[in-house]
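If you want the building blocks of each chain, they are given just below.
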Amino acid sequence: MPHAGLRFGIFLAPFHRVGDNPTLAIHRDIELIEHLDRLGYDEAWVGEHHSAGWETIASPELIIAAAIERTRHIRIGTGVTSLPYHHPLLVAQRFVQLDHMSRGRTMLGCGPGALASDAYMMGIPAEAQRKRMDESLTAIMALLACEAPVTMETEWFTLRDARLHLAPYSFPHFPIAVATSTTPSGVLAAAKHGVGMLSLGAGLPGGPQKLAEQWTLAEAEAARNGKTMDRSDWRLVVNMHCAESDERAIGDVKRGERMETEGYFGEVLARPPTRSEDPLGDGLRAGTTLVGSPDTVAQGIERLLSFTEGGAGAVLFRAHEWADREATWRSFELFARWVMPRFQGSLTMPQRSRDWCVENRAGIFAPNMAALHKAFTDAGQAVPESPRLKIREA
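Residues numbered from 1 in each chain as written. Predicted model: local features only at pLDDT ≥ 70, side-chain atom pairs only at ≥ 80, totals over all residues. Heavy atoms only, no water.

Draft legend 1. Quick peek at the packing of helix α1 (residues 22-39) against helix α2 (residues 60-68). One can describe the packing of α1 onto α2 by two numbers: an axis separation of 10 Å at closest approach and a directional angle of 50 degrees. Considering their axes alone, α1 and α2 lie oblique with respect to each other. Crossing of α1 over α2 shows right-handed handedness. Here I26, I30 and I33 of α1 come into contact with α2, specifically with I63, A66 and A67. Across the contact of α1 with α2, the residue classes break down as six nonpolar, no polar and no charged. (Axes fitted to C-alpha atoms, helices over the stretch in contact; angles between N-to-C directions. Helix = DSSP H or I, 4+ residues; strand = E, 2+ residues; numbered from the N terminus. Parallel < 35°, antiparallel > 145°, perpendicular 65-115°, else oblique. Left-handed = near helix turned anticlockwise from the far one by under 90°. Contact = heavy atoms within 4.5 Å. Nonpolar A, V, L, I, M, F, W, Y, C, P; charged D, E, K, R; others polar.)

In structure tokens:
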């Protein structure tokens with residue numbers, strides 16, 4: 001990691017309302033990742049969905065392949081690959097290839113599949129999704145170990161003396177994380193395999209209050225399986241929009257947030273957010289949504305981290321289009337300039353250097369002014385009447 005402290009990034013589902021040009025939306029998503037790379041963000045996680053009209057990326061691997069050619073530093077992963085939809089050998093092979101193509105900037109996010117309509121079209125029973133995800137991840141971890149051929153038989157896939165074509169570029173393998181939300185299954189799967197967690201539940205009602213409990217559960221389950229959990233691999237996902245003032249930030253997003261909440265989560269997915277008369281306000285009060293000035297957003301992150309009772313490795317912002325493109329890009333820039341450094345230790349030395357100069361200016365700058373005076377008088381010239389050339393004492 002090129003800096004100390006927290007990492008920051010986005011969780012790009014994406015969310016594009018029906019009626020928006022889908023071709024332009026795909027290119028806009030890639031451009032956003034490019035923008036974040038220039039601003040110094042650490043990670044971008046790209047979703048996989050196959051129905052419902054809003055989350056229009058079907059193959060995050062294709063987005064990753066395009067984005068790694070247009071970026072230099074940011075790591076890009078899947079948020080997430082729905083493991084029950086794919087044979088585990090093919091998942092492992094694809095990500096090993098991306099690991100090589102990106103020279104170690106690829107990450108694998110795993111989940112059971114978020115949209116019931118996706119699983120329905122593929123004939124996958126809802127009650128089988130979490131079990132299949134765990135079976136697939138077991139196979140993937142065994143393949144990535146590159147220790148012995150893998151033979152495994154389940155009701156939905158078979159591995160016979162399976163091995164990877166290439167070993168991972170990253171050692172021992174690229175970063176892997178499991179999405180966790182409202183049920184404990186994601187936490188238990190991540191702990192069983194000793195991999196990271198993508199805590200989507202941090203951005204849901206009541207989610208922050210459960211974070212410490214989830215970490216305790218993860219550590220206990222990891223110990224039972226001979227694994228350890230690392231807080232640096234724990235990522236918290238929340239909503240964020242930053243502007244010069246709280247009032248401007250709320251004005252930027254109020255209409256777009258309502259359209260997404262009612263049009264997608266309510267009308268299409270029939271999820272609980274529409275039960276509230278003011279989901280944006282509820283999110284601000286609960287700390288699941290951070291909208292405001294840089295100071296307000298920074299305070300929100302500090303509050304979010306306090307719920308973990310020990311900290312996390314990264315905070316990811318659910319990429320949305322509540323505001324227009326200019327305001328959205330400006331939000332990420334303001335955050336990178338005025339909030340990100342507070343959590344990465346990059347302000348310490350400039351502040352110390354400034355304070356040192358202020359405290360010692362009499363001994364440092366006064367002799368310099370005297371030297372400038374002498375340079376004029378030695379040349380037989382009058383010292384100009386300039387405020388900059390007046391000898392000042394502290």
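Draft legend 2. The packing of aromatic side chains, seen in detail. In this structure the tally under the stated criterion is 13 aromatic pairs. Here F8 and F343 contribute two aromatic rings whose centre-to-centre distance is 6.2 Å and whose plane-to-plane angle is 70 degrees, an arrangement assigned as edge-to-face. Taken together, the positions of F8 in strand β1 (residues 7-12) and F343 in the loop between α11 (325-338) and α12 (348-359) put the pair 335 residues apart, joining distant regions of the chain. The exposure class assigned to F343 is buried, which follows from its relative accessible area of 14%. Ring centres of W215 and W234 lie 4.8 Å apart, and the angle between their planes is 20 degrees; on these two criteria the pair is classed as stacked. Of this pair, W215 sits in helix α7 (residues 211-224) while W234 sits in strand β10 (residues 234-242), and the two are 19 residues apart along the sequence. With a relative accessible area of 0%, W234 lands in the buried category. By the ring-pair criterion, three or more aromatic residues cluster together here, those being F8, Y41, F317, F332, F335 and F343. (Phe/Tyr/Trp six-rings, centres within 6.5 Å; stacked < 30°, edge-to-face > 60°. Buried < 20%, exposed > 50% of the residue type's maximum accessible area, 1.4 Å probe, protein only.)

Draft legend 3. The state of the cysteines, seen in detail. Taken as a whole and assessed by the stated rule, the structure comprises zero disulfides. Between C110, a free cysteine, and C146, which holds the nearest cysteine sulfur, the sulfur-to-sulfur gap is 16 Å. (Disulfide = S-S within 2.5 Å.)

Draft legend 4. Structural detail: the nonpolar core. Membership of the largest hydrophobic core comes to 77 residues, with the highest contact counts inside it found for F8, I33, Y41, I176, I301, F317 and F335. Here the element with the most residues in this core is helix α5 (residues 129-145); it accounts for seven residues. Among all residues touching I301, those that are not within four sequence positions of it are L6, F8, L290, V315, F317, F335, V339 and F343. F11, W45, A179 and V237 belong to the second largest nonpolar core, which has nine residues in total. (Core = buried A, V, L, I, M, F, W, Y, C linked by side-chain atoms within 4.5 Å.)

Draft legend 5. View of helix α3 (residues 88-101). For α3, with 14 residues, the first-to-last C-alpha span of 20 Å sits near the 20 Å given by 1.5 Å per residue. Listed as buried for α3 are P88, V91, A92, F95, V96, L98 and D99. The arc that holds the buried residues of α3, viewed along the axis, is 160 degrees, so those residues lie on one side. As for α3, its buried residues are in contact with α2, β3 (75-78), β4 (81-82), β5 (106-111) and α5. Directly beyond the C-terminal end of α3, a positive phi value near 55 degrees is found at R103. (Expected span 1.5 Å × (residues − 1). Arc of directions from axis to C-beta.)

Draft legend 6. Quick peek at the environment of F343. For the pair F343 and A298, spaced 45 residues apart in sequence, the C-alpha separation works out to 8.7 Å. Beyond its immediate stretch of four places on either side in the chain, F343 contacts A4, G5, L6, F8, A298, I301, E302 and L305.

Draft legend 7. Local environment of the side chain of D37. Here D37 lies in helix α1. No salt bridge is formed by the buried D37, whose closest oppositely charged neighbour, R105, lies at an N-O distance of 5.1 Å. From its side chain, D37 meets the backbone nitrogen of I74 in a polar contact 2.9 Å long. Residues in contact with D37, not counting those within four places in the same chain, are T71, R72, H73 and I74. (Lys, Arg positive; Asp, Glu negative; His and termini not counted. Salt bridge = Lys/Arg side-chain N within 4 Å of Asp/Glu carboxyl O. Polar contact = N/O pair within 3.5 Å; in protein donor to acceptor, adjacent residues only side chain to side chain.)

Draft legend 8. Expanded view of unusual backbone geometry. With omega at 5 degrees, the peptide bond leading from G79 into V80 counts as cis. Within the secondary structure layout, V80 lies in the loop between β3 and β4. Going from F171 to P172, the amide bond is cis rather than trans, its omega being -5 degrees. By the secondary structure assignment, P172 is in the loop between β7 (158-162) and β8 (176-180).

Draft legend 9. Structural context of helix α6 (residues 185-193). Among all positions of α6, only G186, V187, A189, A190, A191 and H193 are buried. Tucked inside the fold, the buried residues of α6 contact α5, β8, β9 (196-199) and α7. Of the residues flanking the end of α6, it is G194, one or two places downstream, whose phi is positive at about 65 degrees.

Draft legend 10. Geometry of the pattern of salt bridges. Tallied over the entire structure, the rule returns 19 salt bridges. A salt bridge links E43 to R235, with the nearest nitrogen and oxygen atoms 2.7 Å apart. Placement of the pair is E43 in strand β2 (residues 43-46) and R235 in strand β10, with a sequence separation of 192 residues. Taking the relative accessible area as the measure of exposure, R235 reaches 4% and is therefore buried. Here R224 and E221 are joined by a salt bridge, their closest N and O atoms 2.8 Å apart. Placement of both R224 and E221 in helix α7 is noted, with a separation of three residues, approximately one turn of the helix. Since its relative accessible area comes to 58%, R224 is described here as exposed. One continuous salt-bridge network, built from bridges that share partners, spans R7, E43 and R235.

By themselves, these are just geometric observations and shouldn't be taken as functional.
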